[in-house]
Amino acid sequence: MENQAYDELARVEDTHWYHESRRRLLEYYLDSVKDALPSCAQILDVGCGTGGMLNVLEKYGDITGLEISEYALSLLLKKHPSAKIKIGSANDLDNIFKGQAFDLATFFNVLYHKWIADDVQVLKKAADIVKPGGFIVLNEPAYGFLYRDNDKICFGARRYTKTGIRDILTKAGFRIVKITYFNSLSFLPLVAITALQRSGLIRFKSASNELRRPHRVVNELLKFIMSCELAIIKIFGSMPFGVSVFVLAEKVS
Ligand SMILES: C[S@@+](CC[C@H](N)C(=O)[O-])C[C@H]1O[C@@H](n2cnc3c(N)ncnc32)[C@H](O)[C@@H]1O
C-alpha cells in the first residue's frame, strides 16, 4: 500500500464509524468464546497495519502484531509505543513463528491483499501456529462485483463470499463458529459507486475518497445505524449481505 493510505488509516481508525463498528462486532465474537480462551491468551494480529484493532484485542490477551510495511509500523508505534511487533510477511508465518503457538490469530482486511501470494496456503500456515481448540478471526472485503478503484489503491487482489471463506477455512483445518456479512449500510452506495466507476463516469485516485471520516454528526448517526446491524447479528446470527465478511472459526484438533 502507498504511505498515504497508511496515513489516512492511522488518522481515522480510532473514531471512524466503520472501524468503531468493526471493533464492536469483534468484541461480540470474542466474548462468545472468552471462556475457551486462557486468561492471558497469546494473540497474533497478522497485517496489523497502524494498530486499529489493538485496543480491543488487548482485552483478551497478549498481542503480537505482524506487518509487512515498516511505514505502517512506524505509525502504529506512535500510538502504541510498547506494542510487541514483528516486521515480516504473512506468506512466511510458518518460518517467522516456528515453534510458537497462539490461542487466537486475526486477519483484518489482509488476506484479500495482493501481497498475499496464496490465501489458502497462508491460512494453512496460520492453522499450524494456532493451538488445537484455538481460534481465528477474519474480516475481509465481500463480493467480487464490488471490486473498484479503492481495491486497486489499497492493493486488493480478491474479494470473498461467505461460501468462499467457509471453503478455504475448512480446507485449512478450521471449523466455522460464527460467520456474517458486515456493513450492509455501505452495500447500495458501493454498488452505485462501482457501477459509476466501471462505466467511466467517476474515478477515485486516492484512498481518502472512501476512507475519509464524515462530519461528526453523520459519523455518530452511522455508528448508531451500525449498532442496529450488530443487534440484528446478535438476534439472528448473521446479516444476509454487506460489503465485508466477518468470521470466527476454531482450529480443529
Ligand atoms: C487494509 S490494511 C488493514 C490494516 C489492519 N489490519 C486494519 O484492519 O486496520 C492491510 C494491511 O495488511 C498488510 N499486509 C498486506 N499483505 C501483507 C503480508 N503479506 N504480510 C503482512 N502484512 C501484510 C498491509 O501492509 C496493511 O497494513
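As shown above, the structure is provided for reference.
Residues numbered from 1 in each chain as written. Predicted model: local features only at pLDDT ≥ 70, side-chain atom pairs only at ≥ 80, totals over all residues. Heavy atoms only, no water.

Asker: Teacher, can you tell me more about the site of the ligand here?
Answerer: Neighbouring the ligand are 21 residues; Y6, G47, E67, A90 and F108 lie closest to it. With respect to the ligand, the side chain of Y6 contributes an N or O atom lying 2.6 Å from an oxygen atom. Here G47 contributes a backbone N or O atom positioned 2.7 Å from a nitrogen atom of the ligand. When the ligand is considered free in solution it has 590 Å² of accessible area, and contact with the protein chains removes 97% of it. (Near = heavy atom within 4 Å. Polar contact = N/O pair within 3.5 Å; in protein donor to acceptor, adjacent residues only side chain to side chain. Areas by Shrake-Rupley, 256 points an atom, 1.4 Å probe, with all protein chains shown as cover.)

Asker: Is there a simple way to think about the nonpolar core in this case?
Answerer: As a rule of thumb, soluble globular proteins bury nonpolar side chains together. Counting 75 residues, the largest nonpolar core has L93, F107, I136 and L169 as its most contacted members. Excluding residues within four positions of it along the chain, L169 makes contact with L123, I136, L138, F174, I176, V247 and A249. Judged by nonpolar contacts, the second largest core, of six residues, contains M1, A5, Y6 and L75. (Core = buried A, V, L, I, M, F, W, Y, C linked by side-chain atoms within 4.5 Å. Buried < 20%, exposed > 50% of the residue type's maximum accessible area, 1.4 Å probe, protein only. Contact = heavy atoms within 4.5 Å.)

Asker: What's the story with the sheet that holds strand β2 (residues 61-67) in this structure? I'm lost.
Answerer: Consider a sheet: its strands pair through backbone hydrogen bonds, and that pairing is either parallel or antiparallel. Read across the sheet, seven strands follow the order β3-β2-β1-β4-β5-β7-β6 without closing on themselves; strand pairing throughout is mixed. Each end of this open sheet is capped by a strand with a single partner; those strands are β3 (84-87) and β6 (174-182). Geometrically, the sheet is characterised by an average inter-axis angle of 15 degrees between neighbouring strands, direction not taken into account. Pairing between strand β1 (residues 41-46) and β2: six bridges, direction parallel. Counted as the bridge partner of D45 is G65 from β2. Its contacts with the sheet place helix α4 (residues 70-79) against β2 and β3, and it is angled at close to 170 degrees to β3. (Pairing = 2+ DSSP bridges. Helix = DSSP H or I, 4+ residues; strand = E, 2+ residues; numbered from the N terminus. Axes fitted to C-alpha atoms, helices over the stretch in contact; angles between N-to-C directions.)

Asker: In this structure, what is going on with helix α9 (residues 187-198)? I would like to understand it.
Answerer: A turn of α-helix holds 3.6 residues, and therefore any two residues three or four places apart point the same way. Under the 1.5 Å per step criterion, the end-to-end length of α9 is 16 Å for 12 residues, consistent within 8% with the ideal 16 Å. Looking at α9, one finds that the buried residues are F187, L190, I193, T194 and Q197. The arc enclosing the buried residues of α9, seen along the axis, measures out at 125 degrees, which places them on a common side. In the segment just after α9, G200 is the residue with positive phi, at about 80 degrees. (Expected span 1.5 Å × (residues − 1). Arc of directions from axis to C-beta.)

Asker: For this particular structure, what's the right way to read the pattern of salt bridges?
Answerer: Oppositely charged side chains can pair when the atoms bearing their charge come close. The tally for this structure, following the rule as stated, stands at 16 salt bridges. The partner of D14 in a salt bridge is K79, with the nearest N and O atoms 3.5 Å apart. Here K79 lies in helix α4 and D14 lies in the loop between α1 (3-12) and α2 (17-31), a separation of 65 residues in the sequence. The exposure class of D14 is partly exposed, given its relative accessible area of 39%. Relative accessible area serves as the criterion here: at 29%, K79 is assigned to the partly exposed category. For R148, the salt bridge identified is with D151, shortest N-O distance 3.8 Å. (Salt bridge = Lys/Arg side-chain N within 4 Å of Asp/Glu carboxyl O.)

Asker: Can you help me understand the side chain of E229 in this one?
Answerer: Along the chain, E229 turns up in helix α11 (residues 216-236). Look at E229: it is buried, it has no salt bridge, and the nearest opposite charge is R22 at 11 Å. Setting aside its immediate chain neighbours within four residues, E229 contacts F182, N183, S184, L185 and M239. (Lys, Arg positive; Asp, Glu negative; His and termini not counted.)

Asker: For this particular structure, what's the right way to read the packing of aromatic side chains?
Answerer: In this description, a pair of aromatic rings is defined by centroid distance and the angle of the planes. A full pass over the atoms with the stated rule returns 13 aromatic pairs. Taking 5.9 Å as the distance between ring centres and 70 degrees as the angle between the ring planes, the aromatic pair formed by F182 and F246 counts as edge-to-face. Of the two residues, F182 sits in strand β6 while F246 sits in strand β7 (residues 244-251), which places them 64 residues apart along the sequence. Across this residue pair, the class does not change: F182 and F246 are buried. Through a chain of ring-to-ring contacts, the aromatic side chains of W17, Y18, Y28, Y29, F182 and F246 assemble into a single cluster. (Phe/Tyr/Trp six-rings, centres within 6.5 Å; stacked < 30°, edge-to-face > 60°.)

Asker: What is the right way to look at the packing of helix α6 (residues 119-129) against helix α8 (residues 162-172) in this model?
Answerer: Geometry of a packed helix pair, given as the angle between the helix axes and the separation of the axes. Interhelical geometry of α6 versus α8 gives an angle of 45 degrees and a closest axis separation of 8 Å. Accordingly, the angle class assigned to the pair α6 and α8 is oblique. The chirality of how α6 crosses α8 is right-handed. Contacts between α6 and α8 involve D119, V120, L123, K124 and A127 from the first element and I168, L169, K171 and A172 from the second. (Parallel < 35°, antiparallel > 145°, perpendicular 65-115°, else oblique. Left-handed = near helix turned anticlockwise from the far one by under 90°.)

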